[in-house]
Amino acid sequence: MKLYGRSTSLNVQKVLWLLEELGLTYEHIELGGKFGGLDTEEFSRLNPMKKVPVLIDDDHVIWESHTILRYLSASYGDETWYPASPYHRSLYERWMDWAQTLLQPAFMGTFGAYYRTLPPKRDMATVDNELQKCLEYLNCIEQALDHAQYLAGESITLADICAGVILYRLTSQGLDVPLPPKVSLWYQGLQQRPGYQKWVMSDFSEMKPQEDYS
């Protein structure tokens, strides 16, 4: 099994974290960003969209991070990761879609406008607007955690991976991000998981812009 993608990518981190949770043996090939390689003919044959992550499992090639997560949980996960019931799968899949379409774009709005922009060029109105969206979404998670330890029940699922991967970078980029009480406890629990420590709680300082001396 091989996984292509730079380890600073949130979408790649989701897959790396799940691979650790499932105890799978894999080779990780850094690709994209400073590593380049996305425009090669060889990689284009794997993924015509020229995006990471890409997973190769025997003769199967899978791309798009959430599709890879579903594939891995269905292929290698137990009932906790891939319930037999379509309804019980929907309990975590709704959070996967929510994180991808709402939470992650709001975070990327803050990250691009704040962390990846030189201080003199920051538009703090944009940063604050995107941050307010993030805080609203964290309150959605808080409400879900009123009823269970994790987003979709009493065990970790793909819901927690897709939402939880964002928390470290959101709270570590230099902005004041107050976490609601239950979200804070949930986040502390995620930080104890080896896969989260190894792949999510990692250095992303290379993504800072270089000083502009012109």
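Numbers given to residues run from 1 along each chain, matching the order in which its sequence is written. Two thresholds apply to this predicted model, a pLDDT of at least 70 for residue-level local features and 80 or more for giving and counting side-chain atom pairs, whereas whole-chain, interface and lining totals are computed over all residues. Hydrogens and water molecules were not included; the side-chain quantities draw on all heavy atoms of the structure.

Comments concerning the sheet that holds strand β1 (residues 2-4)
Backbone hydrogen bonds hold the strands of a sheet together, and the pairing may be parallel or antiparallel. By this definition, two strands are paired if DSSP reports at least two bridges between them. We count a stretch as a helix when DSSP gives it H or I for four or more residues in a row; a strand needs E for two or more, and each element gets its number in order from the N terminus. The sheet built from four strands is open, its strands ordered β2-β1-β3-β4 with mixed pairing. Edge positions in the sheet fall to β2 (27-29) and β4 (60-63), since each of these pairs with one other strand and no more. Looking at each pair of strands side by side, their axes are set apart by 15° on average, direction ignored. Relative to β4, strand β3 (residues 54-57) is paired through four bridges, and the arrangement is antiparallel. Looking at β4, one finds that I56 is bridged to V61. Of the strands in this sheet, β3 and β4 touch helix α3 (residues 65-76), which is tilted by about 135° from β4. Working convention: axes come from line fits to C-alpha atoms, limited for helices to the stretch in contact. Angles between N-to-C directions cover 0 to 180 degrees. Note on contacts: a residue pair is in contact if any heavy atoms of the two residues lie within 4.5 Å.

Here's the deal with the pairing of β3
Across a regular strand the side chains alternate sides, sitting on one face of the sheet and then on the other. Of the two faces of β3, the one carrying V54 and I56 and the one carrying L55 and D57 are both buried. Alignment of β1 against β3, held across three bridges, turns out to be antiparallel. Counted as the bridge partner of K2 is I56 from β3. Relative accessibility thresholds used throughout: buried, under 20% of the residue-type maximum; exposed, over 50%; partly exposed, between the two (1.4 Å probe, protein chains only).

A few points about helix α6 (residues 158-172)
For α6, with 15 residues, the first-to-last C-alpha span of 23 Å sits near the 21 Å given by 1.5 Å per residue. Counting buried positions along α6 yields 13 of 15 residues, so the element is predominantly enclosed. A helix's residues, less one, multiplied by 1.5 Å, set its expected span.

With respect to the layout of surface pockets
Buriedness of a pocket was judged along seven lines, with at least five required to meet protein on both sides within 12 Å; pockets are open sets of points on a 1 Å grid over the protein atoms alone, cavities are sets where a 1.4 Å probe fits but cannot get out, and lining residues have an atom within 4 Å of a point. Grid points are joined across faces, edges and corners, and a volume is the space filled by probe spheres set on the points. Here the largest pocket defines a volume of roughly 420 Å³. Looking at the largest pocket, it is lined by 23 residues, and the ones nearest its centre are R6, S9, N11, V52 and Q104. Secondary structure elements with two or more residues in the lining of the largest pocket: α1 (10-21) and α4 (86-115). Among the elements that take part in the lining of the largest pocket, α4 stands out by supplying four residues, more than any other. When grouped by side-chain class, the residues that make up the lining of the largest pocket number eight nonpolar, nine polar and six charged. Classification convention: Asp, Glu, Lys, Arg as charged; Ala, Val, Leu, Ile, Met, Phe, Trp, Tyr, Cys, Pro as nonpolar; all other residues, Gly among them, as polar.

What to know about the nonpolar core
Each nonpolar core is a collection of buried residues, namely Ala, Val, Leu, Ile, Met, Phe, Trp, Tyr and Cys, held together in the definition by side-chain atoms within 4.5 Å. In terms of nonpolar packing, the biggest core is built from 71 residues, with L72, I141, L151 and W186 touching the most fellow members. Discounting residues that sit within four places of it in the chain, L151 has contacts with W95, I141, A144, L145, A159, D160, A163 and W186.

A short note on the packing of α3 against α6
With their axes 11 Å apart at the nearest point, α3 and α6 run at an angle of 150° to one another. Relative to α6, the element α3 lies roughly antiparallel. Handedness of the crossing formed by α3 with α6: right-handed. Counting all contacts with α3, which are made through H66, L69, R70 and S73, the residues of α6 involved are L158, I161 and C162. Roughly parallel means an angle under 35 degrees; roughly antiparallel means over 145; roughly perpendicular covers 65 to 115; every other angle is labelled oblique. With the far helix as reference, a near helix turned anticlockwise by less than a right angle produces a left-handed crossing, and one turned clockwise produces a right-handed crossing.

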